[in-house]
Amino acid sequence: MAVSFYFLLPTLPTFVTDVLGEDADKVGYIIGIYALSALLIRPISGYLFDKYGRRNLFLFAMFLYAIIMASYGLAASFGFLLFLRLLNGGIWGVVTTGGGTITSDIVPETRRGEGIGIFGLSMTLSMAVGPLIGLQILKNTGSYQVLFITAGILCFIAVCMSFFVNHPKVSNRKNKLEWANVFEPNVVKVSMIMLFLALPFAGVMSFITLYAKELSIENTGLFFLIYAAGVSIIRPLTGKMMDKSGPGFVMGLSFTGTVCGLILLSQSTALTGFLIAAFVLGFGNGIVMPTLQTMVINMVRPQKRGVATSTFFSAIDLGIGIGAFLLGNIAEIFSLSQMYLFCALSTLVPMTLFYGITLKDYTKKIKVLNAKTHA
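Residues numbered from 1 in each chain as written. Predicted model: local features only at pLDDT ≥ 70, side-chain atom pairs only at ≥ 80, totals over all residues. Heavy atoms only, no water.

You'll find the chain entered in an unreviewed UniProt entry as MFS transporter, with Marivirga lumbricoides given as the organism. Taken verbatim from the UniProt record of the chain, the Subcellular location (unreviewed entry) comment is "Membrane". (UniProt positions renumbered as here; feature names shortened; annotations may be inferred.)

This is the structure we're talking about:
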């Protein structure tokens, strides 16, 4: 499923500008509406996964996702493309909430950081090969139709594979549709850190293809490959460190890598600097997701993992949505280079919040939860 998603990451921006004839600033809208649509559906999906269990909803969402992915070839106008992105983002919200929840159910508690990190590599490996394959299909066939149909086929394969997952039987039919069951307040402070860190991620993923064009770099897929290499190297190591020593040190590595990578990217003028920035960004961003997600899961009971996961991913969606719109306008007013420099500076905000507030709150709530569990 993720490979098909990353097919479109470097190709949809050029589809919008070259085929639909829209301005570059419209690229932010197709990313932003996708993220905001996922944001709207996640709270309900988290509630449903907790109330009715994981399997049936997950399989149904995967099937719908495959149909929508195969339908991109019907987009003959920017308005209809936005409509498809709206639908696609909503189903993506259900699928990724389910995947994250199921993973946290399956992995042992003592190795949760490592397990979630390994699961996250599915996205990382897809990030490495998806853009490369998508760009290669486009280069060899010159057809966006072939690209979209191939993405749909891959998703249908993913649907078939989903039937073989050992979905855990966790449900609570007594859950009522109320605020406490669609939003988890215990994980808000951790989720806010993820929201701020999603903003620069949106800038990288939304505009990196256009930035490569500006630098006269032809193969944008190399950026994603090197980025994924950085993630793949650091993620298994930091997952184990998180399980043994907690999140303080590993998040320090993440903030450092992210800031340095964004500064390097903003100053890139040729392929070498461009790829070095990709590796450093991968190193920094590869730590963020599994570490913060593990913190979220550690702070709630098993029956609340669905809503906790949806709250966490909603923060990502909101950050990406805001980032895509905001950074698109910054790039239009100033430049893509200055936009990435702004992203580097913005990362200092979540770093300050994490060490000033969030880490202390996490430690306190873990102690309280452990005390209740043992009691």
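Following the structure, the description resumes.
K.L.:
Please set out the environment of Q136 residue by residue, giving values where relevant.
P.N.:
Checked against the element boundaries, Q136 lands in helix α5 (residues 112–141). A residue is classified by how much of its surface remains accessible, and Q136, at 39% relative accessible area, is partly exposed. (Helix = DSSP H or I, 4+ residues; strand = E, 2+ residues; numbered from the N terminus. Buried < 20%, exposed > 50% of the residue type's maximum accessible area, 1.4 Å probe, protein only.)

K.L.:
Lay out the packing of helix α9 (residues 221–245) against helix α11 (residues 271–298) with the relevant residues and their values.
P.N.:
The interhelical angle for the contact between α9 and α11, taken along N-to-C directions, is 40 degrees, at an axis separation of 7 Å. When the axis of α9 is compared with that of α11, the two are oblique. The two elements α9 and α11 cross, and the hand of that crossing is right-handed. Residue composition of the contact of α9 with α11, grouped by class: 19 nonpolar, 8 polar and 1 charged. (Axes fitted to C-alpha atoms, helices over the stretch in contact; angles between N-to-C directions. Parallel < 35°, antiparallel > 145°, perpendicular 65-115°, else oblique. Left-handed = near helix turned anticlockwise from the far one by under 90°. Nonpolar A, V, L, I, M, F, W, Y, C, P; charged D, E, K, R; others polar.)

K.L.:
So, a nonpolar patch on the surface: which residues are in play, and what are the values?
P.N.:
A cluster of nonpolar side chains, namely L74, F80, F83, L86 and L87, defines an oily patch on the protein surface of about 440 Å² accessible area. As for its position among the elements, L87 is in helix α4 (residues 78–106). (Patch = residues over 30% accessible without salt bridge, like charges linked within 9 Å, V, L, I, M, F, W, Y side chains within 5 Å. Areas by Shrake-Rupley, 256 points an atom, 1.4 Å probe, with all protein chains shown as cover. Salt bridge = Lys/Arg side-chain N within 4 Å of Asp/Glu carboxyl O.)

K.L.:
An account of the packing of aromatic side chains is needed here, citing residue identities and associated values.
P.N.:
Applying the stated rule across the entire model yields 20 aromatic pairs. Where F5 meets Y34, the ring centres are 5.8 Å apart and the plane angle is 45 degrees; that geometry is what we call tilted. Placement of F5 in helix α1 (residues 2–19) and of Y34 in helix α2 (residues 27–52) is noted, with a sequence separation of 29 residues between them. Y34 gets classed as buried once you look at its relative accessible area, which sits at 5%. A ring pair is formed by F223 and F274, whose centres lie 5.1 Å apart and whose planes are at 45 degrees; its orientation type is tilted. (Phe/Tyr/Trp six-rings, centres within 6.5 Å; stacked < 30°, edge-to-face > 60°.)

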